[in-house]
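# Topology and contacts: notes
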Amino acid sequence: MSREYQKIYDDWLLANVLHQEEELIRRCAFINLNLTAETELALSHQYRDCIFVSCSLPKGFKRQTQDSLFFPNMGELFHLCSHLYTPEELYEGYEVGKPKSYQDCYDGKVYRHYLKMGKQSDNIKEMIARTMHDHSVNSCLRQLLSEYNERRVVGVMGGHGLLRTDAAYSQIAHLSKRLTEEGFLMVTGGGPGAMEATHLGAWMAGRNELELMDALYTLGTAPSFTDDGWLDTAMRVRSRFPQTEYKSLGIPTWLYGHEPSTPLATHIAKLFYNSVREDSILNIARGGIIYTPGSAGTLQEVFQAAVPNHYMSYGYASPMIFMGKEFWTKDVPIWPLLQDLMAREKYKNLLLSLSENENEIVATIKAFYEGG
């Protein structure tokens, strides 16, 4: 079986490969790099069975290659990723205090382009470019996840409409803060509401209660993502309470580009294809998923996660924790339904729990990790 391609995705890795003594470079994938900056070195090697994706190449370079593939820059507004997006990159061009400047930032430009070309575009070049983009993001996502035990990755699902002033928003933030401090990587769909609350908690990990309350107060001055100050207040929290130690992962999509991606996630895997995005979140949250009150999207995610848990597709079932007894037993009675389906063995192996107590939820997550 052929060995895996070595991925070369930044200038340091490129220099390391080009400075090797061996003339032949074999099975390397060069991604979004400028080899013309090292023209002499680049032309001093032979390349066999390599892949060049969106790279700038010196004149005559292809004569040095054999059995290699070349994927040109598609010329789109968006680019292939050599690392996950940071909030700084996604919102490059946005000016605090000028909400309309969102249209001029990278995220805003890509969303306008996405709508212009069509959410389901018939343009073959556009569809190839989107597919290559999402592949590059997923590759970077796997790189981040390789740093974690898979049972330390915990997902939070919930409504995008949850207001920052709602008691549940604060509750989610406190829970996420604690789990992050315990060494778990918190993952959401990267949008507003319950998703943002999760990333706020992770962002404030390592800080005290007064600082978290200060951040909640700042955000509360623009409670809804439809408010002009929604993005500004999040930027102010980032600026006042810088985070360098703890990480969190948001996986948003331009399909729901009208819902801004939270800048409180340290790593953002923004995708074009929502089906890929939802599948990614549910598959990587092997440490369990916490379901907070939500609407149709959250309900869909309950049953999507139940299937691989039922079949133990990954060798085991992960916890499915329903946060909010009143909501899940009366408002949206998923809890009694799942209990009934389990009793009649329509579902098997599901690790279900219902709680709104932070200590109980943390204990459930930790016990599952430690039991693995």
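Just so you know, the residues in each chain are numbered from 1, in the order the chain's sequence is written. Per-residue local features are limited, in this predicted model, to residues with pLDDT of at least 70; the limit for side-chain atom pairs, both in listing and counting, is 80 or more; totals at the level of whole chains, interfaces and linings are taken over all residues. No hydrogens and no water enter the side-chain calculation; it runs on all heavy atoms of the structure.

What follows covers the sheet that holds strand E6 (residues 65–66). Strand order in the open sheet made by the three strands is E2-E4-E6, with parallel pairing throughout. Here the strands that pair on one side only, and so sit at the sheet edges, are strand E2 (24–26) and E6. As paired elements, E2 and strand E4 (residues 46–48) share three bridges and run parallel to each other. Looking at the pairing, Arg26 lines up with Arg48 of E4. Whether two strands pair comes down to DSSP finding at least two bridges between them. Numbering of helices and strands runs from the N terminus; a helix is a DSSP stretch of H or I covering at least four residues, while a strand is a stretch of E covering at least two.

With that out of the way, let us pick up the side chain of Arg152. The residue Arg152 is located in the loop between helix H5 (124–145) and strand E8 (153–157) in this model. Under the scheme applied here, a residue whose accessible area is under 20% of the maximum for its type counts as buried, over 50% as exposed, and between as partly exposed, the area being computed with a 1.4 Å probe on protein chains only. Positive residues here are Lys and Arg, negative ones are Asp and Glu, while His and the chain termini are left out of the count. By definition, a salt bridge exists where a carboxyl oxygen of Asp or Glu is found within 4 Å of a side-chain nitrogen of Lys or Arg. Glu182 provides the closest opposite charge to the buried, unpaired Arg152, separated from it by 6.3 Å. Two N or O atoms form a polar contact when they lie within 3.5 Å of each other; inside protein one atom must be a possible hydrogen donor and the other a possible acceptor, and for residues adjacent in sequence the pair counts only when both atoms belong to side chains. Among the polar contacts listed, one links the side chain of Arg152 to the side chain of Tyr369, at a separation of 3.4 Å. Two residues qualify as a contact provided that any one of their heavy atoms is within 4.5 Å of a heavy atom in the partner residue. Aside from chain neighbours lying at most four places away, what touches Arg152 is Glu182, Gly183, Phe184, Leu185 and Tyr369.

Turning next to the nonpolar core. We define a nonpolar core as any set of buried Ala, Val, Leu, Ile, Met, Phe, Trp, Tyr and Cys residues linked to one another through side-chain atoms lying within 4.5 Å. Ranked by size, the top nonpolar core spans 63 residues in total, and within it Leu249, Ile251, Tyr291, Met320, Phe322 and Trp328 carry the most contacts. Looking at this core, the element that brings in the most residues is H5, giving seven residues. Here Met320 is in contact with Ile289, Tyr291, Val302, Ala305, Ala306, Asn309, Leu350, Leu351, Leu352 and Ser353, once residues within four sequence places are set aside. Grouped together as the second largest cluster of nonpolar side chains are 29 residues, Leu175, Leu200, Met204 and Ala234 included.

Before going further, it helps to examine the packing of aromatic side chains. Any two rings among Phe, Tyr and Trp, with Trp reduced to its six-membered ring, count as a pair given centres within 6.5 Å; such a pair is stacked if its planes are under 30 degrees apart, edge-to-face if over 60, and tilted if neither. One pass over the full model with this rule turns up 18 aromatic pairs. On the numbers, 6.3 Å between centres and 90° between planes, the contact of Tyr85 with Trp254 is edge-to-face. Pair noted here: Tyr85 is in the loop between strand E7 (69–71) and helix H3 (87–90) and Trp254 is in the loop between strand E10 (248–250) and strand E11 (267–268), with a separation of 169 residues, a long-range link. Each ring, one from Tyr114 and one from Phe272, has its centre 5.8 Å from the other, and the planes form 40°; the classification is tilted. Of this pair, Tyr114 sits in helix H4 (residues 106–117) while Phe272 sits in the loop between E11 and helix H10 (274–284), and the two are 158 residues apart along the sequence. Residues Tyr114 and Phe272 agree in their burial class; the two are buried. Aromatic rings pair up to connect Phe78, Tyr85, Tyr106, Tyr114, Trp254 and Phe272 into one cluster. Taking the ring centre of Phe70 as reference, the NZ or CZ of Lys62 above it sits at 4.7 Å. Any Lys NZ or Arg CZ found within 6 Å of a ring centre and within 35 degrees of that ring's normal is scored as a charge over the ring. For the cation-ring pair, Arg286 lies above Tyr314, with the distance from its terminal atom to the ring centre recorded as 3.7 Å.

The length a helix should cover is 1.5 Å for every residue beyond the first. Its twelve residues give H4 an end-to-end C-alpha distance of 16 Å, which sits within 8% of 16 Å, the value for a rise of 1.5 Å per residue. Residues Tyr106, Asp107, Gly108, Val110, Tyr111, His113 and Tyr114 constitute the buried set of H4. Residues of H4 that are buried in the fold lie against H3 and H5.

Here we come to the environment of Tyr9. Position of Tyr9 relative to the elements: it lies in the loop between strand E1 (6–8) and helix H1 (11–18). For the pair Tyr9 and Thr266, spaced 257 residues apart in sequence, the C-alpha separation works out to 20 Å. Non-local contacts of Tyr9, meaning those with residues more than four positions away in its chain, are made with Ile31, Leu33, Ser82 and Gln143.

A few words now on the pairing of strand E3 (residues 28–31). The side-chain alternation of E3 yields two buried faces, one formed by Cys28 and Phe30 and the other by Ala29 and Ile31. Bridging between E3 and strand E5 (residues 51–53) involves three bridges; their strand directions are parallel. Within E5, the residue paired with Phe30 across the bridge is Phe52.

Checked against the element boundaries, Thr221 lands in the loop between helix H8 (209–220) and helix H9 (230–240). Of note is the side chain of Thr221, whose polar atom sits 2.7 Å from the backbone oxygen of Thr218.

This paragraph deals with the pattern of salt bridges. Per the stated rule, a full pass over the model turns up 14 salt bridges. Residues Glu88 and Arg238 are paired through a salt bridge, measuring 2.4 Å at the closest nitrogen-oxygen approach. Of this pair, Glu88 sits in helix H3 while Arg238 is found in helix H9, placing the two residues 150 residues apart along the sequence. Judged by its relative accessible area of 13%, Arg238 falls in the buried class. Among the ionic pairs, Arg207 bridges to Glu211, the shortest N-O distance being 3.3 Å.

Close contact between H8 and H9 brings their axes to 8 Å; oriented N to C, the two are set at 155°. When the axes of H8 and H9 are compared, the pair comes out roughly antiparallel. Two packed elements cross with a definite hand, and for H8 against H9 that hand is right-handed. Here H8 contributes Asp214, Ala215, Thr218 and Leu219 to the contact with H9, which in turn contributes Thr233, Ala234, Arg236, Val237 and Arg240. Tallied by class, residues from the contact of H8 with H9 come to four nonpolar, two polar and three charged. Angles run from 0 to 180 degrees between N-to-C directions of axes, and those axes are lines fitted to C-alpha atoms, restricted for helices to the stretch in contact. Throughout, the term roughly parallel applies to angles under 35 degrees, roughly antiparallel to angles over 145, roughly perpendicular to angles from 65 to 115, and oblique to all others. Crossings are classed by handedness, with left-handed meaning an anticlockwise turn of the near helix from the far one by less than a right angle and right-handed meaning a clockwise turn. Under the grouping applied here, Gly and all other residues not named as nonpolar or charged are polar, the nonpolar ones being Ala, Val, Leu, Ile, Met, Phe, Trp, Tyr, Cys and Pro and the charged ones Asp, Glu, Lys and Arg.

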